[in-house]
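Each chain is listed here by its residues.
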Amino acid sequence: MGVTITNEPFRIRGKDERLKVIIQEGSNEANVNKLVEVLIGDGFDFSLEADMMGPVEEAERAVSVGMGIILKSNMPMIEELAKSAGAVLACSRPAYERIQVLPRERFVGMSGVKFTGTLYFACGISGAPQHLRGISKAHTVVAINKNPDAPIFKNCDYGIVGDMNEIIPLLTAKLNSDLPKPDPNAKPVQVKPEEPLYKETKATARGRYVCPGCGYEYDPDKENQTAFKDLPDSWACPECGVPKKDMISAVTLG
Amino acid sequence: MHCVRKVTEDLYWVGANDYRTELFENIHPIPEGVSYNSYLLLDEKTVLFDCVDWGVCRTFLENLEYVLKDRPLDYLLINHMEPDHAASIAEVLLRHPETTVISNEKAFLFMRQFGFDVEGRMDTVKEGDTRCFGKHTVTFLLAEMVHWPEAMVTFDTTNGVLFSADAFGSFGNLGGRLFDDEVDFDRDWIDNARRYFTNIVGKYGPFVQKLLAKAKTAPIKMFCPLHGPVWRTNLGYYIDKHDKWSRYIPEENGVMIVYASMYGNTESAAQALASRLCDKGITNVRVYDVSKTHASYLVAEAFKYSHIILASVTYNLNIYPVMEDFLHHLKVLNLSKRVFGIIENGSWAIKSGTLMEKYIDENLKDCRIINSRVTINSSGNRSNEIEMDELADAIVKSVEEEAKLLEAGEKAVAEAQAAAEQKAALKKMSAKERMALRMKQRQK
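Since the model is a prediction, treat every value here as computed from it, not as a measurement.

For the rest of this paragraph, the subject is the overall build of chain A. Secondary structure summary: chain A contains five helices and 10 strands in total. Looking at chain A as a whole, 49% of its 254 residues qualify as buried. In the form shown here, chain A has an accessible surface area of approximately 12,300 Å², with 51% of it arising from carbon and sulfur atoms.

Rendered as structure tokens:
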């Protein structure tokens, strides 16, 4: 049974808002076809090319490999995919530390570089918290992993459960085939969406009142949202007994 | 040996300077000392306005006796009961059994609590009461929570002197120079004054605003505060500073970077940000090491600048304790309306940024946090260079926006204040005067 995939309108996606769609079309090939269809639907154009050895921290797309690669000698498969996807090469920390698939400046994660571009293929990467720290600002994360319980599936937008060594050649072939161009009306996901400048904060002087007898502050947020004006006239400062009428607003001009 | 100054006709400064106390209130360092101001009025009756800290009582008594000569001390008027002024009350009363104490009900309560025997010699006053000492008549205005609940200020309606208690005070010893026009206040005193206000009175902005509104209705010619210089020339300058501080409006659109660094990596990040900001044209930047700078200085700077960037290492999965302490100071002193930026560091689990954001979100009123955050894992790397550029760009953008917002906001506030004053003035007028004013406005 396949999960219905709708074309997501373009939007800013935070790390807590991953789509977590697992593509289950039956076969590896069907899954790969569906994935490519969905990505094109989202506005990704796979006719674009990129230098696969460009800096990861500045890249728009990355094909990143984890311990699922097993041997360094399997890397040409990854390079083919990167070439087809217009992506740079990257890896996880274990893939760098243990089998040195790539040089140090290409491993992504808390202690490595951060990928902040639009499309990230996590191939055979389990998704440890340290790795996720390195992709929290990526727009779209695609996960390919044979372990259905790998944490990466809870932190990706699109996932395919299966052996990367079988799936990646299929994906490369699909990307190299004659693909339809993205819908010109779909906003292309080529530019990193702009974040708003600020986070607003909760704490505010609005609605609060302060006591002239002791400085106590009445905060409706801590009093079941009871507005100060709705308190009974008999209300008095809990610290010093000053009557309600003598309390003053905590709001200052400007 | 006496050390006194004439303030104005009939009025003398008989206070004392204190260079020996290390920590004011046993918290705030005062390397430049502090003065405890006490004033003696020689009218038909003699009136002493407040006393001094116990540590300088001997000098104070010499001054008092010198100006008093052989006259009796008729009244001791107490505006504020905090022991840095009130501790010497007992000694004055012992030496002058003839003295009557004038103060308000709450202050008398505090006198009993602190163990001063004033029974049978109290004259209790309330807001708006007057007392005449011959030529001079004074009236009383309560100054609740500026910064104690019993605080009041006393206005001499004869010569326009406001005995302003802890309002309009400052750290710093006088060294002979008593008046605002005898010092270069904006160069030599303002930092002490800001540090005094923000740390001692900062929490009580709404009450300071209430007092400033009250004071506007009186024709004040001179502030005689309990610490620091007497103001007789440039009162508007000092009122404006207090108005801004008590509304939590920054004096300057600029950036304060505070870092908490164990081995220098977070420090490097703070310095790197400062350099980038200067490169991009924002040069009103100050960098502070939270571990080396006493919180009272950091608090004062936080009140001064519009933007505060916190750079902290993660310590035991928490905010670095000294940085957390600084944030706690900002919270209890009610710092509001600031823009914050975050740099975090950690070697295995980086928590400080999220925790600092949470602290600001929950505790510091009407603030905003810049979204771009720099996350360092032990030491800065290439990704951090990009994040740092993004943070610097965001700060530049924010500083530019804030400049416009501040200007527009202050204009609106000035209009609102003028309207409120006009309304208050109208209230005071008789119906006939009001009518005449309206006619005049219509003709215009």
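Now that the structure is up, let's keep going.
This paragraph deals with the domain arrangement of chain A. Parsing chain A into structural domains produces domain 1 (4-176) and domain 2 (198-254). For domain 1 of chain A and domain 2 of chain A, the distance between their C-alpha centroids amounts to 52 Å.

All names here are of chain B. With 12 residues, helix H1 (residues 57-68) should cover 16 Å at 1.5 Å per step; its first-to-last C-alpha distance of 16 Å lies within 8% of that length. Of the positions making up H1, those classed as buried are Cys 57, Phe 60, Leu 61, Asn 63, Leu 64, Val 67 and Leu 68. Relative to the axis of H1, the buried residues are bounded by an arc of 160 degrees and lie together on one face. Those residues of H1 hidden inside the fold are in contact with strand E2 (11-13), strand E7 (39-42), strand E8 (46-49) and helix H3 (89-95).

One finds Val7(B), Leu48(B), Ile89(B) and Met111(B) to be the most contacted residues of the largest nonpolar core, which totals 91 residues. Among the elements that take part in this core, helix H5 (residues 185-201) of chain B stands out by supplying eight residues, more than any other. What Leu48(B) contacts, discounting residues up to four positions off in sequence, is Val14(B), Ser38(B), Tyr39(B), Leu40(B), Phe60(B), Leu64(B), Leu73(B), Tyr75(B), Leu76(B), Leu77(B) and Val92(B). In terms of nonpolar packing, the next biggest core, distinct from the first, is built from 41 residues, Leu39(A), Phe44(A), Val63(A) and Ile167(A) among them.

As paired elements, strand E1 (residues 21-22) of chain A and strand E6 (residues 158-161) of chain A share two bridges and run parallel to each other. By the bridge assignment for E6(A), Ile22(A) is matched with Gly159(A).

On to the sheet that holds strand E15 (residues 161-165) of chain B. Residues and elements named next belong to chain B. A sheet is described by the order of its strands in space; here five strands give the open sequence E12-E13-E14-E15-E16, paired in mixed fashion. Among the strands making up the open sheet, the edge pair consists of strand E12 (130-132) and strand E16 (222-225). Strand-to-strand twist of the sheet, defined as the mean angle between neighbouring strand axes without regard to direction, takes the value 25 degrees. The pairing of strand E14 (residues 152-156) with E15 spans three bridges and is classified as antiparallel.

Conventions adopted
Residues numbered from 1 in each chain as written. Chains lettered and ligands numbered in written order. Predicted model: local features only at pLDDT ≥ 70, side-chain atom pairs only at ≥ 80, totals over all residues. Heavy atoms only, no water. Helix = DSSP H or I, 4+ residues; strand = E, 2+ residues; numbered from the N terminus. Buried < 20%, exposed > 50% of the residue type's maximum accessible area, 1.4 Å probe, protein only. Areas by Shrake-Rupley, 256 points an atom, 1.4 Å probe, with all protein chains shown as cover. Domains from an automatic or database assignment. Expected span 1.5 Å × (residues − 1). Arc of directions from axis to C-beta. Contact = heavy atoms within 4.5 Å. Core = buried A, V, L, I, M, F, W, Y, C linked by side-chain atoms within 4.5 Å. Pairing = 2+ DSSP bridges. Axes fitted to C-alpha atoms, helices over the stretch in contact; angles between N-to-C directions.

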